[in-house]
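As a plain string of letters, each chain reads:
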Amino acid sequence: MSDEQLRTYAAEGRPHVVRLAMPVREYRFDDVVLGKEVVLPAAEAQDFVIRKTDGMPTYHFAVVVDDHEMNVTHVLRGQEHTKNTFLHVALQEALGYPRPVYGHLSVIENIEGGKMGKRDRDKKVRQRTQEVMKSTKRSADDVAAAAGLPGPRVAEWLADAKKQLDLPEQAAVMRVIGLQASELPEVLVHDFRKNGYLPESLLNFLALLGWSPGGDREQMSMDDMVELFTLDGVGKANAKFDRTKLASFNTDACAKADPARLVAAFRDYLSVNPDSPLWAATDEELAKLLAMKKGFRLLREVDAVSRFLFTPDDALAYDPSAVEKNLKKDGGAGAAVLREARDGLAAIGSWSAASCEEAVKGYCEQKGLALGKVAQPIRVAVCGSTVSPPIFDSLEFLGRERTLRRIDRALSL
RNA sequence: GCCCCCAUCGUCUAGUGGCCCAGGACAAUCGGUUCUCAGCCGAUGAACAGGGGUUCGACUCCCCUUGGGGGUACCA
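**Q** Could you give an account of the overall build of chain A, with specific residues and numbers?
**A** Counting its secondary structure elements, chain A contains 19 helices and eight strands. Rg of the C-alpha trace for chain A: 31 Å, well past the compact-globule value of 22 Å for 413 residues, more than 25% over. Judged by the C-alpha coordinates and their principal axes, chain A covers about 105 × 55 × 35 Å. A total of 413 residues make up chain A; the buried ones form 41% of that total. Counting only contacts in chain A whose residues sit at least 6 apart along the sequence, the fraction spanning at least 24 positions is 68%. Surface exposure of chain A reaches about 22500 Å², of which carbon and sulfur atoms provide 54%. Within chain A, one finds 56 positive and 60 negative side-chain charges whose respective centroids are separated by 5 Å.

Following this line, the structure appears as structure tokens:
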């Protein structure tokens with residue numbers, strides 16, 4: 001383009017970009033992760049945009065300037081950036097900047113070996129929808145109608161794995177098929193937080209994807225990792241994100257954490273789960289719940305299994321199948337046991353887990369019953385389900401009055 | 001299509017020529033413990049992608065094949 005042409009275009013105010021005139025030659029840099037030099041042949045060196053038509057700098061221009069301004073010495077980033085690094089190197093040379101150390105990390109994939117992302121959540125919703133449709137013999141139109149969505153939209157989504165629902169649509173479908181948000185695969189850090197993972201377990205687990213301190217070492221604190229980290233411990237192969245192993249890390253971390261740390265973590269969990277009735281709990285109560293349910297994997301489990309303690313007695317929901325199996329079956333055998341056990345509990349002098357246990361075990365012995373035969377009816381009466389923290393701890397927490405009120409209510413079902 | 005990278009149990013990995021008929025962790029299977037769910041304890045099975053070299057000796061070095069991933073933007 002001639003100078004004259006340039007002046008004319010500028011005078012006309014033509015929209016334009018700014019490119020770096022990249023010197024045509026071979027570029028190379030050392031990659032500390034690959035442990036070798038990466039080369040861009042001269043034939044592939046091309047001018048590239050550094051300022052967009054709208055006047056904004058491109059990412060390439062911005063990172064190079066920003067990293068330099070921030071005195072960044074090491075750039076460790078995903079391998080999708082490997083080619084970009086040549087552009088950044090050229091820019092640094094043009095600007096007279098020193099070159100930082102570069103390393104390109106492998107990618108973390110989902111457990112199926114695909115790209116980990118929000119699509120994974122959509123996929124789970126689709127899978128579950130198809131299962132539910134099959135088992136309840138419902139059509140795509142039925143689901144769409146129940147969710148208040150256009151039939152063709154849902155049908156299209158079900159048929160084409162490339163299509164995704166937007167968030168409100170997803171929520172509507174999940175409501176219809178009874179899928180909880182907590183059942184979706186976590187992707188964002190927020191998802192993990194909301195499901196009750198400790199940040200330290202997530203960090204520890206993540207650090208081990210693509211890096212190893214060597215030997216058999218796995219459990220590490222942040223300080224340990226800072227001390228142990230070396231560039232040559234970084235691997236070159238992609239890693240798959242295995243949530244089961246993460247959950248195991250979390251179980252261990254929670255088991256080892258001191259009570260104050262756990263209470264703080266639980267508070268943080270509750271701060272992103274405002275619908276939980278445990279909001280009303282004091283720190284002392286939270287500490288008790290955590291201790292009762294020790295061995296838990298996620299804080300969400302402690303929440304879920306403790307909610308009955310924070311529900312008004314007359315609002316407690318009873319699981320029909322639990323009631324049937326533990327109270328009504330065999331002509332109300334469970335209910336009969338419950339009635340007698342209730343009298344034993346009512347007669348306790350000083351209410352505590354220990355005294356409740358003594359009373360119930362005494363009754364078992366007297367009747368020649370296994371503890372389970374008595375504990376389960378009590379559990380169902382007091383918790384509404386067959387799953388709860390240890391029953392005597394639960395009774396202590398609930399107190400005599402509420403315990404007896406719930407038993408009476410269950411007996412009247 | 002073209003360019004680049006990678007390759008040990010199902011998964012994360014240890015292993016840098018003999019210490020390895022390959023170690024740990026999660027998961028799995030089986031058994032034990034317990035008032036439920038968890039958890040915990042014990043045991044078991046499970047891999048060097050395939051083929052060529054190099055070497056006295058290859059999981060470790062080289063080549064090919066296969067498989068996987070990434071890139072090919074006025075997105076970051």
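**Q** Report on a nonpolar patch on the surface, specifying residues and quantitative values.
**A** Taken together, the side chains of Val-32, Leu-76 and Phe-229 define a hydrophobic patch exposed on the protein surface, amounting to about 220 Å² of accessible area. You can see Val-32 is positioned in the loop between strand 2 (27-31) and strand 3 (36-40). On the basis of relative accessibility, which here comes to 31%, the residue Val-32 falls in the partly exposed class.

**Q** Got a sec to walk through the environment of Gln-376? Specific residues and values, please.
**A** Mapped onto the secondary structure, Gln-376 falls in helix 17 (residues 371-383). Residues Gln-376 and Asp-252, 124 residues apart in the sequence, show an inter-C-alpha distance of 29 Å. Not counting chain neighbours up to four residues away, the residues in contact with Gln-376 comprise Asn-326 and Thr-386. Of note is the side chain of Gln-376, whose polar atom sits 2.5 Å from the side chain of Arg-379.

**Q** Hey, could you go over helix 13 (residues 283-292) for me, with residue numbers and the actual values?
**A** Taken together, the buried positions of helix 13 are occupied by Leu-286, Leu-289, Leu-290 and Met-292. One side of helix 13 carries all its buried residues, which in axial view fall inside an arc of 165 degrees. The elements touched by buried residues of helix 13 are helix 12 (259-271), helix 14 (299-306) and helix 18 (391-398).

**Q** Please provide a residue-by-residue account of the side chain of Asp-191, values included.
**A** Looking at where Asp-191 falls in the secondary structure, it is placed in helix 8 (residues 189-195). Reaching out from Asp-191, the side chain makes a polar contact with the backbone nitrogen of Leu-188 at a distance of 2.7 Å. Every residue in contact with Asp-191, bar those within four places of it in the chain, is listed here: Arg-121 and Glu-186.

**Q** Give me the protein's contact with RNA strand B: which residues, what numbers.
**A** Close contacts around RNA strand B come from 48 residues, with Lys-52, Thr-53, Gly-210, Lys-293 and Ser-388 the closest. Considering RNA strand B, the proportion of its atoms within 4 Å of the protein that are sugar or phosphate atoms stands at 70%. Within the side chain of Asp-216, an N or O atom sits 3.5 Å from a sugar or linking oxygen of RNA strand B. Of all elements in the fold, only helix 2 (59-69), helix 3 (82-95), strand 8 (239-240), helix 11 (243-256) and helix 17 reach the threshold of two or more residues within the surface near RNA strand B. Each residue belonging to the surface near RNA strand B can be placed in one class, and the counts come to 14 nonpolar, 18 polar and 16 charged.

**Q** Account for unusual backbone geometry, with residues named and values stated.
**A** Even without glycine at this site, Lys-137 takes up a positive phi of about 55 degrees. When you line up the elements, Lys-137 lands in the loop between helix 4 (119-136) and helix 5 (140-147). Non-glycine residue Asp-330 carries a positive phi angle of around 55 degrees. Structurally, the position occupied by Asp-330 is in helix 15 (residues 320-346).

**Q** Help me get a handle on the confidence of the model for chain A, residues and values and all.
**A** Overall, the predicted model of chain A reaches an average pLDDT of 94, with 100% of residues at or above 70. Predicted confidence in chain A is weakest over helix 1 (residues 3-12), with a mean pLDDT of 86, and strongest over helix 12, with 98. Note on the complex model: pTM 0.92, ipTM 0.95.

The rules behind the values
- Residues numbered from 1 in each chain as written.
- Chains lettered and ligands numbered in written order.
- Predicted model: local features only at pLDDT ≥ 70, side-chain atom pairs only at ≥ 80, totals over all residues.
- Heavy atoms only, no water.
- Helix = DSSP H or I, 4+ residues; strand = E, 2+ residues; numbered from the N terminus.
- Rg over C-alpha atoms; globule rule 2.2 N^0.38 Å.
- Buried < 20%, exposed > 50% of the residue type's maximum accessible area, 1.4 Å probe, protein only.
- Contact = heavy atoms within 4.5 Å.
- Areas by Shrake-Rupley, 256 points an atom, 1.4 Å probe, with all protein chains shown as cover.
- Lys, Arg positive; Asp, Glu negative; His and termini not counted.
- Charge placed at Lys NZ, Arg CZ, Asp CG, Glu CD.
- Patch = residues over 30% accessible without salt bridge, like charges linked within 9 Å, V, L, I, M, F, W, Y side chains within 5 Å.
- Salt bridge = Lys/Arg side-chain N within 4 Å of Asp/Glu carboxyl O.
- Polar contact = N/O pair within 3.5 Å; in protein donor to acceptor, adjacent residues only side chain to side chain.
- Arc of directions from axis to C-beta.
- Near = heavy atom within 4 Å.
- Nonpolar A, V, L, I, M, F, W, Y, C, P; charged D, E, K, R; others polar.
- pLDDT = per-residue confidence, 0-100.

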